[in-house]
Amino acid sequence: MAPTFPPPATTDRSLRPFDIGVIDTMVGFPQDPAALYRQIRASLRDKESRDEFVMPAAYMFHDVPASHLADDVDPVALVLGEMDRHGVEIALISLSANTEAAERALTEHPGRFVGSWSCDPNRGMEGIRTLVRVHEKWGVRAVSLFPHGVLPQVAIDAPQMYPIYAKCVELGIPVFVTVGIAGPRVPSMVQHVELVDRVMYDFPELVFVMRHGAEPWTDLAVKLMIKWPNLYYSTSAFSPRYYPADIIDYANTRGADRILYGGYFPMGLSLDRIMTELAQLPLKEDVWPKFLRENAARVLGLAEKN
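About the thresholds
- Residues numbered from 1 in each chain as written.
- Predicted model: local features only at pLDDT ≥ 70, side-chain atom pairs only at ≥ 80, totals over all residues.
- Heavy atoms only, no water.
- Buried < 20%, exposed > 50% of the residue type's maximum accessible area, 1.4 Å probe, protein only.
- Helix = DSSP H or I, 4+ residues; strand = E, 2+ residues; numbered from the N terminus.
- Pairing = 2+ DSSP bridges.
- Right-handed = clockwise from strand over helix to strand, strands pointing away.
- Contact = heavy atoms within 4.5 Å.
- Axes fitted to C-alpha atoms, helices over the stretch in contact; angles between N-to-C directions.

*Asks:* Would you mind showing me how to read the pairing of strand 4 (residues 142–145) here?
*Replies:* One face of the sheet, then the other: side chains in a regular strand alternate in exactly this way. Residue alternation in strand 4 divides its side chains into two sets, Ala142 and Ser144 and Val143 and Leu145, and both sets are buried. Looking at chain direction, strand 3 (residues 113–118) and strand 4 are connected through three bridges and run parallel. Bridge pairing in strand 4 places Ser116 opposite Ala142. Crossover handedness for the path strand 3 to helix 6 (residues 124–138) to strand 4: right-handed. Pairing geometry for strand 4 and strand 5 (residues 175–178), over three bridges, is parallel. The partner of Ser144 across the bridge, within strand 5, is Phe176.

Laid out in C-alpha cells, this is it:
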C-alpha cells in the first residue's frame, strides 16, 4: 500500500537538510493514475504493465506516494506543505497534468510555482499554437518533451521536433527532454543520447535539459555537455542513491554549472526519501548551491530570485 502524506502543516526543520531555497525542476500534484498515464498506457503491451502496475514503471518505483486524496484534502495545499517541510522554495509544475490544480497553484502562489507545458510533436502546428497561447496566458518557463511517451513515438532529432525547438528559442525558454532507456516497457531508441548532438548543432541557441537519467549513456551525456554550452542534465526520476556516478563526478569537476536538481514527487518518489538520501550525496560544498538552486534559476529565467 502506498504511504499517506504527512499533514501539510508540518514544518519540522529536521526534515530540511538544506537552507538554500531549493528549486525543484519536477513536481506534480496527486491525481488519478488512470488520467495521468492514459497516453503512455496506450503504448504498453505486456499484461503486467497494462493491468497490474499503478504507474507504467512500477517495477522500478516502490513505495510510490499516495495518488488518491480524501475529498477534503487540497492537492495544492498538500504539495505546498511538503515543499515547506523540505525547504523547496520553487517548483516547476506541468500545466498539462492535473490542469486545475496547476492553474490554481500558479494563480494563488506565483512566487512558489512556475509552469511548464508538455508538447506532443504529433500535433504539428496545432501544438505550437497551443504552446504560444499557454505561454501568453501563464508565462510558462519551460517545455517538456517525452519522445517515448507519445503515440506514435517521435525521436529527439525527428523533423516533428524541430518546430518546437525553434519556438522555444524564439520564446527564450528551455526544453526538458526525456533521454535514455524509458522506464515504461516501450522502445527507447527514440531517446538515445547521441541524437542530442545533432539537435544542439542545428539549434545552438536552444537551452536543452536532459531528463530522467540518460542511462546507459551517461558517459556520452557528459561528453556532450562538455561539447555544447547550452546542454544541461536534470536528476529527475532518480532516487539520489542511484544518481549515475558519471553525473556526480561531472558535477564535482567541470560540470558544476550544468547539473540541476529534479525530484519526482509525487509521481514516483516522496520528498522525505529524496531529501534524506540527498543529504548523503558526495557533492563538494561549493556545488550544492548551484545544483539545488542557482543552475535552475538561470535556466528557468529566475535569476532575479536568487
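*Asks:* Sorry, what's going on with the sheet that holds strand 2 (residues 88–94) here?
*Replies:* The strands making up a sheet associate through hydrogen bonds between their backbones, and the pairing can be parallel or antiparallel. Read from one edge of the open sheet, eight strands run 1-2-3-4-5-6-7-8, paired in parallel fashion. Both outer strands of the open sheet, strand 1 (22–27) and strand 8 (259–260), are each paired with one neighbouring strand and no more. The sheet contact formed by strand 1 and strand 2 spans four bridges and is parallel. From the neighbouring strand, Val22 faces strand 2, where its bridge partner is Val88. Lying over the sheet, helix 4 (residues 75–85) contacts strand 1, strand 2 and strand 3, oriented at roughly 140 degrees with respect to strand 2. Together, strand 4, strand 5 and strand 6 (208–211) form the strand contacts of helix 7 (residues 162–171), whose direction differs from that of strand 4 by roughly 165 degrees.

*Asks:* Help me out: how do you make sense of the pairing of strand 5 in this one?
*Replies:* What you see with strand 5 is no split at all: Val175 and Val177 on one side and Phe176 and Thr178 on the other are buried throughout. For the crossover that starts at strand 5, traverses helix 8 (residues 194–202) and ends in the parallel strand 6, the hand is right-handed.

*Asks:* Would you take a moment to explain unusual backbone geometry for this structure?
*Replies:* The bulk of non-glycine residues show a negative phi, and the bulk of peptide bonds are trans. Residue Leu151 is joined to Pro152 through a cis peptide bond whose omega torsion reads 0 degrees. The topology assignment puts Pro152 in the loop between strand 4 and helix 7. Omega for the bond connecting Glu215 with Pro216 falls within 30 degrees of zero, at 5 degrees, which places this linkage in the cis form. Looking at where Pro216 falls in the secondary structure, it is placed in the loop between strand 6 and helix 9 (218–227). The phi dihedral of His212 is positive, around 70 degrees, even though this residue is not glycine. By secondary structure assignment, the location of His212 is in the loop between strand 6 and helix 9. Since its relative accessible area comes to 16%, His212 is described here as buried.

Structural measurements only, silent on function.
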